[in-house]
Amino acid sequence: MCKAWEDHKEEGRIEGRIEEIYASVRDGDYSAARGAEKLGISVQELEKRMEDAGYPLPFVM
């Protein structure tokens, strides 16, 4: 396969992984701290990215 196609497939895998992490944080399967750790970003950055992507943050007491 050509390089462009391989790059496109890899981007899809990465995007799918990110969406899985967002959904897991939203659903309470992961804490925001764990989701941020998996992505290598801060909790604040995770929260911003989730909001920007339309994923509501879980209600935490």
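Look above for the structure.
Residues numbered from 1 in each chain as written. Predicted model: local features only at pLDDT ≥ 70, side-chain atom pairs only at ≥ 80, totals over all residues. Heavy atoms only, no water.

Looking at where Ser24 falls in the secondary structure, it is placed in helix 1 (residues 3–26). A relative accessible area of 7% places Ser24 in the buried class. Setting aside its immediate chain neighbours within four residues, Ser24 contacts Asp29 and Tyr30. (Helix = DSSP H or I, 4+ residues; strand = E, 2+ residues; numbered from the N terminus. Buried < 20%, exposed > 50% of the residue type's maximum accessible area, 1.4 Å probe, protein only. Contact = heavy atoms within 4.5 Å.)

To continue, consider the environment of Arg26. Summarising the element assignment, Arg26 is placed in helix 1. Owing to a relative accessible area of 32%, Arg26 belongs among the partly exposed residues under this scheme. With 24 residues separating them along the chain, Arg26 and Met50 place their C-alpha atoms 8.8 Å apart. For Arg26, the residues in contact, after removing those within four places along its chain, are Met50, Tyr55, Pro56 and Pro58.

Looking now at helix 1. Across its 24 residues, helix 1 extends 35 Å between first and last C-alpha, which sits within 8% of the 34 Å expected from 1.5 Å per residue. Next to the buried residues of helix 1 lie helix 2 (32–39) and helix 3 (43–52). Looking one or two residues beyond helix 1, the residue adopting positive phi is Gly28, at roughly 85 degrees. (Expected span 1.5 Å × (residues − 1).)

What follows deals with the nonpolar core. If you look at the biggest cluster of nonpolar residues, it comprises 10 residues: Ile18, Ile21, Tyr22, Ala23, Val25, Ala36, Ile41, Leu46, Met50 and Tyr55. Put simply, the parts of the chain that give this core at least two residues each are helix 1 and helix 3. With five residues, the single largest contributor to this core is helix 1. Those residues within four positions of Ile21 in sequence are excluded, and the remaining contacts are Tyr30, Gly35, Lys38 and Leu39. (Core = buried A, V, L, I, M, F, W, Y, C linked by side-chain atoms within 4.5 Å.)

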